[in-house]
Structures are given as structure tokens and as C-alpha cells.
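So you can see what is in the structure, the chains are spelled out below.
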Amino acid sequence: MKVVMAKVICITNQKGGVGKTTTSVNLAYFLAKDKNRVLLVDVDPQGNASSGLGLDKTGLETSMTEVMLGIANFKDIVQRTAFKNFDLAPTTPQLANAEVEMAGMKQKFAVLKKAVASVAEDYDYVIIDSPPSLSLLTVNGMIAADYLVLPVQTEFYALEGVAQLLESMAMVKKAMNPDLKLLGVLATMYDKRTSLSAEVLAEVRKYFKDKVFRTSIPRNVRVAEAPSHGVPVGAYDKFSKGAKAYKEFTREVEERTRK
């Protein structure tokens, strides 16, 4: 019997405030709603994916910090969320200090890959929420992943820094992860009332062509409110425009990862 390994998707953009964590949480949620076994791995020291799922980070004795330093077993830190088929590997702000310590480690680039491989048979999808920087943690995410999803905010300077990110992806692909693919580019915070959003989206499509997902995530107050209630937007208000958009985006992800 063939063992099915999880499809690993790293959500990444070195720019902050583009909806990276929101996308990670809601993609994981809707994949789980679609009867996939899902693990969300929070490797952003801000830990917003962890707190956005209602986790009290102050009560954590072990987290991704200890995993990345090689002093905790990955399986031991994984927690069940309040949602069926949806697990979380949480983090705390101490991960930022751990990154400095990691610099002296021999296998510093492959720590996350090894951790994810240890649970790959237990899940259908592993979603990695990486920091808003081209850091050691981000590179770990790229090396651990099969696919990258790049959220791009439909505002001025949307493509700033993207070329550098794609260069980093090319370097990782060449040196350490030859199978890494750009699954797609997701336009976020789209406001159909402004010509700027439409212009930026057209520019993004011109740059990335068919790599841009058909679905755009609209600016939506429900999406912004959901994390403060410790739930994804689909659980907070499933009829909101934001929830519907993330559901459609998730369908596209499933479609593209089946190819």
C-alpha cells in the first residue's frame, strides 16, 4: 500500500501586512472543512496564526522555538484546534531569539524540513506561515515546502521586493529543494471600488500571468475582525464576502495541487 505524504505549502512574502497569516489560517481552515487532514505550522515569531486561532501563547511550555533548536520533538508540540481535522504547531515570540541561535547549527536550513517529514504521513496538507522577511526561518519554510503561495496586496508598491523573493526561491530550488514550485499568487485586500486595485491587479497578472489565482480576496471587515475572536473568518461569518473568497481560493489550491 502506497503511503500518501502531505502536500506542503509555504505562504510567504517578505512584505508585512499583505494578508499572509490571514491566508494561512483560512486556507488551513477551509482545507479541513473539505475533509482534508491539515496541520498549520506557525514559524512567524509574531505568532499571529497561533493567537488568531484562540491559543494563549503565554501558557505554552514548548513550541516551534524548541523544535527549531532541536530540543523538542515536533509531534509533541502539535495541538488540536477547535476545528475538526485541523491541527496547529504553535509558536511564541521567543522564536526570534532562537533564529539567532540557529545560525551556528550545522543543519540550520533543513530543521523544518526534517520536522515536517516526521508527520507527513499523518496529514493531507501542511501549511507553513512564514515571517515577513527573507530570514533563516523563511528559507527553512521554502526548503520544507513543495509549493509556495505568494499573497500580494493590491495597493501601490505591491510588487516591491517580489523580484528579490523570487531570486531567493530560485536559489533554494537550485541548491536545496529542486522540486519547489510557485503554486500561485493571491491578490489580497482587493477593493473593486478603486481604480488603483484594478490597476495593481492588472499589473500583477501581467507579471505572473496564469500563476495568479482567479480568486481575489476582498477588503472585508469580517476578515479583519475574525482573529480577535480567535477563529478563521469561515467560522466567524461564513456568509461574508471574505469567507466566500477564501473558500473559492481553497478550491483553486486543491485543484492546482492535484495536477
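Quick note: structure is the one above.
1. Description of the layout of surface pockets
Thought 1: Considered as a void within the structure, the largest pocket measures approximately 560 Å³ in volume.
Thought 2: For the largest pocket, the lining is made up of 31 residues, of which Gly19, Lys20, Thr21, Thr22 and Met189 are closest to its centre.
Thought 3: Of all the secondary-structure elements, those providing two or more residues to the lining of the largest pocket are helix H1 (20-33), helix H2 (48-51) and helix H10 (221-225).
Thought 4: If you tally residues by element for the lining of the largest pocket, the top one is H1, at five residues.

2. Section: the sheet that holds strand S1 (residues 7-11)
Thought 1: The seven strands are arranged S3-S4-S2-S5-S1-S6-S7 in an open sheet whose pairing can be described as mixed. The two strands at the open ends of the sheet, each matched to only one other strand, are strand S3 (79-80) and strand S7 (181-188).
Thought 2: Relative to strand S5 (residues 125-129), S1 runs parallel, the two sharing five bridges. Note that in S5 the partner of Lys7 across the bridge is Tyr125.
Thought 3: Running over the sheet, H1 touches S1, strand S2 (38-42), strand S4 (86-89), S5, strand S6 (147-153) and S7 and is turned about 165° from S5.

3. Quick look at the pairing of S1
Thought 1: Buried residues dominate S1, accounting for four of its five residues.
Thought 2: Taken together, the three bridges between S1 and S6 define a ladder with parallel strand orientation. Of the residues in S6, the one forming a bridge with Ile11 is Val149.

4. Overview of the pattern of salt bridges
Opposite charge on two side chains allows them to pair when their charged atoms are near.
Thought 1: What the rule picks out here adds up to 13 salt bridges.
Thought 2: A salt bridge links Asp122 to Lys75; its shortest N-O distance comes to 4.0 Å. In this pair, Asp122 is assigned in the loop between helix H6 (111-117) and S5 and Lys75 in helix H4 (residues 74-77), connecting sequence segments 47 residues apart.
Thought 3: Residue classification places Asp122 among the partly exposed positions, given a relative accessible area of 37%.
Thought 4: Relative accessible area serves as the criterion here: at 47%, Lys75 is assigned to the partly exposed category.

5. Overview of helix H9 (residues 195-208)
Thought 1: For H9, spanning 14 residues, the distance from its first C-alpha to its last is 20 Å, which sits close to the expected 20 Å at 1.5 Å a residue.
Thought 2: Those residues of H9 that sit buried are Ser197, Val200, Leu201, Val204 and Phe208. All buried residues of H9 lie within an arc of 100° about the axis, which places them on one face of the element. In H9, the exposed residues that point more than 90 degrees away from the buried face are Ser195, Glu199 and Lys206.
Thought 3: Residues of H9 that are buried in the fold lie against S6, helix H8 (162-175) and S7.

6. Things to note about H8
Thought 1: In this model H8 runs 20 Å from its N-terminal to its C-terminal C-alpha over 14 residues, within 8% of the 20 Å that 1.5 Å per residue would give.
Thought 2: What H8 keeps buried is the set Val162, Leu165, Ser168, Met169 and Val172. End-on, the buried residues of H8 take up no more than an arc of 120°, which puts them together on one face. Turned more than 90 degrees away from the buried face of H8, the exposed residues are Glu167, Met171, Lys174 and Ala175.
Thought 3: Where the residues of H8 are buried, they touch helix H7 (136-144), S6, S7 and H9.

7. Topic: empty space enclosed by the protein
Thought 1: A complete count under the given rule lists one cavity of 30 Å³ or more for this structure.
Thought 2: A volume near 30 Å³ is recorded for the largest cavity.
Thought 3: Around the largest cavity sit Thr12, Leu148, Leu150, Leu165, Leu166, Met169 and Leu182, which together line it.
Thought 4: Every element with two or more residues in the lining of the largest cavity is listed here: S6 and H8.
Thought 5: No other element matches H8, which puts three residues into the lining of the largest cavity.
Thought 6: Each residue belonging to the lining of the largest cavity can be placed in one class, and the counts come to six nonpolar, one polar and no charged.

The rules behind each value
- Residues numbered from 1 in each chain as written.
- Predicted model: local features only at pLDDT ≥ 70, side-chain atom pairs only at ≥ 80, totals over all residues.
- Heavy atoms only, no water.
- 1 Å grid on protein atoms, 1.4 Å probe; cavity = no way out; pocket = protein on both sides within 12 Å on 5 of 7 lines; lining within 4 Å.
- Points joined across faces, edges and corners; volume = space filled by probe spheres on them.
- Helix = DSSP H or I, 4+ residues; strand = E, 2+ residues; numbered from the N terminus.
- Pairing = 2+ DSSP bridges.
- Contact = heavy atoms within 4.5 Å.
- Axes fitted to C-alpha atoms, helices over the stretch in contact; angles between N-to-C directions.
- Buried < 20%, exposed > 50% of the residue type's maximum accessible area, 1.4 Å probe, protein only.
- Salt bridge = Lys/Arg side-chain N within 4 Å of Asp/Glu carboxyl O.
- Expected span 1.5 Å × (residues − 1).
- Arc of directions from axis to C-beta.
- Nonpolar A, V, L, I, M, F, W, Y, C, P; charged D, E, K, R; others polar.

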